[in-house]
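# What the coordinates show
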Amino acid sequence: TGGIIRKITNDELARHNTETDAWTCIRGKVYNITPYMKFHPGGIDELMRSVGCDGTDLFDEIHRWVNVESMLAKCLVGYIIADGVDGK
Ligand code: HEM
């Protein structure tokens, strides 16, 4: 991702839906969680439930208190935007 933060549509998010190419969106921020997979204390299968889609609700159900913004700061890819915005 080259450290460039950009706008991401739901369509693009949905394309990164595998264990080796895993993106999720938490509170509007899109993270590439591929490198975090094997370190997640809740396991890979649980984390996979939020991959390619918005994981905010699942995340909050389990551990609202976890500081995802600081934990995954280096995994930030960009910000989600509504479909149909920016001509996409
Ligand atoms: C545990 C981080 C997403 C399910 C944890 C813990 C951390 C963490 C730090 C340990 C919490 C503690 O011991 O107090 C993250 C991050 C996520 C994420 C950074 C970013 C995407 C999810 C999602 C789910 C999930 C989407 C469920 C669908 C769980 C479960 C545990 C857990 C079940 C408890 C494991 C146990 O105590 O045995 N996660 N998590 N996590 N996580 Fe996540």
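A brief report on the enclosed structure follows. Think of each chain on its own: its residues are numbered from 1, step by step along the sequence as written. Thresholds applied to this predicted model are a pLDDT of at least 70 for local features of residues and 80 or more for the giving and counting of side-chain atom pairs; totals over whole chains, interfaces and linings are not thresholded and use all residues. As a convention, hydrogens and water are excluded, and side-chain values are obtained from all of the structure's heavy atoms.

## A short note on the side chain of T56
Secondary structure elements are taken from DSSP: a helix is a run of H or I of four residues or more, a strand is a run of E of two residues or more, and numbering for both begins at the N terminus. Mapped onto the fold, T56 is located in helix α3 (residues 56-63). T56 sits in the buried class, given a relative accessible area of 12%. Nitrogen and oxygen atoms within 3.5 Å of one another constitute a polar contact, given that in protein one can donate a hydrogen and the other can accept it, and given that sequence-neighbouring residues count only through two side-chain atoms. Within the structure, the side chain of T56 is placed 3.0 Å from the backbone nitrogen of R27, a separation counted as a polar contact. A polar contact is formed between the side chain of T56 and the side chain of D54, at a distance of 2.6 Å. Think of it in three bands: residues with accessible area under 20% of the maximum for their type are buried, residues over 50% are exposed, and the middle band is partly exposed, with areas taken using a 1.4 Å probe on protein chains only.

## Observations concerning the site of the ligand
Proximity criterion: a residue is near a molecule or strand once any of its heavy atoms comes within 4 Å of it. Taken together, 17 residues are adjacent to the ligand, and Y36, H40, E46, L47 and H63 come closest. Within the contact set of the ligand, a nitrogen atom lies 2.8 Å away from a side-chain nitrogen or oxygen of H40. H63 places a side-chain nitrogen or oxygen 2.9 Å from a nitrogen atom of the ligand. Broken down by secondary-structure element, the contributors of at least two residues to the shell around the ligand are α2 (44-48) and α3. Take the shell around the ligand: its biggest share by element is 4 residues, from α3. Looking at side-chain class alone, the shell around the ligand contains 10 nonpolar, 5 polar and 2 charged residues. Note on residue categories: nonpolar means Ala, Val, Leu, Ile, Met, Phe, Trp, Tyr, Cys or Pro, charged means Asp, Glu, Lys or Arg, and polar means any other residue, Gly included.

## Concerning the sheet that holds strand β1 (residues 6-9)
Here the rule is simple: two strands pair whenever DSSP picks up at least two bridges between them. Ordered in space as β1-β5-β4-β3-β2, the 5 strands form an open sheet in which the pairing is mixed. Both outer strands of the open sheet, β1 and β2 (17-18), are each paired with one neighbouring strand and no more. As paired elements, strand β3 (residues 21-26) and strand β4 (residues 29-32) share 4 bridges and run antiparallel to each other. Residue pairing for β4: W23 is matched across the bridge by N32.

## Focus on α3
Taken as a whole, α3 has its buried residues at T56, F59 and H63. With its buried residues spanning 75° around the axis, α3 presents them on a single face. Summarising the geometry of α3, the exposed residues directed more than 90 degrees from the buried face are D57 and E61. Between two residues, a contact is recorded if the distance between any of their heavy atoms is within 4.5 Å. Where α3 is buried, its residues meet β3 and α4 (68-71). The arc refers to the directions leading from the helix axis to the C-beta atoms.

## Notes on the coordination of the iron atom of the ligand
A donor here means an N, O or S atom no more than 2.8 Å from the metal, or no more than 3.2 Å when the metal is Na, K or Ca. Since water is not included, a site may seem to lack partners. Protein coordination at the iron atom of the ligand comes from H40 (NE2) and H63 (NE2), with a distance range of 2.0 to 2.1 Å. What the 6 donor atoms of the iron atom of the ligand show is an angle range of 89 to 180° at the metal, which sorts the shape as octahedral. Here H40, found in the loop between β4 and α2, pairs with H63, found in helix α3; they are 23 residues apart in sequence, far enough to count as distant. Assigned by exposure class, H40 and H63 land together as buried. Geometry assignment treats four donors as tetrahedral when all angles are between 85 and 135 degrees, treats four as square planar and six as octahedral when opposite donors are over 155 degrees apart and all others between 65 and 115, and treats everything else as irregular.

Purely geometric numbers; function is a separate question.
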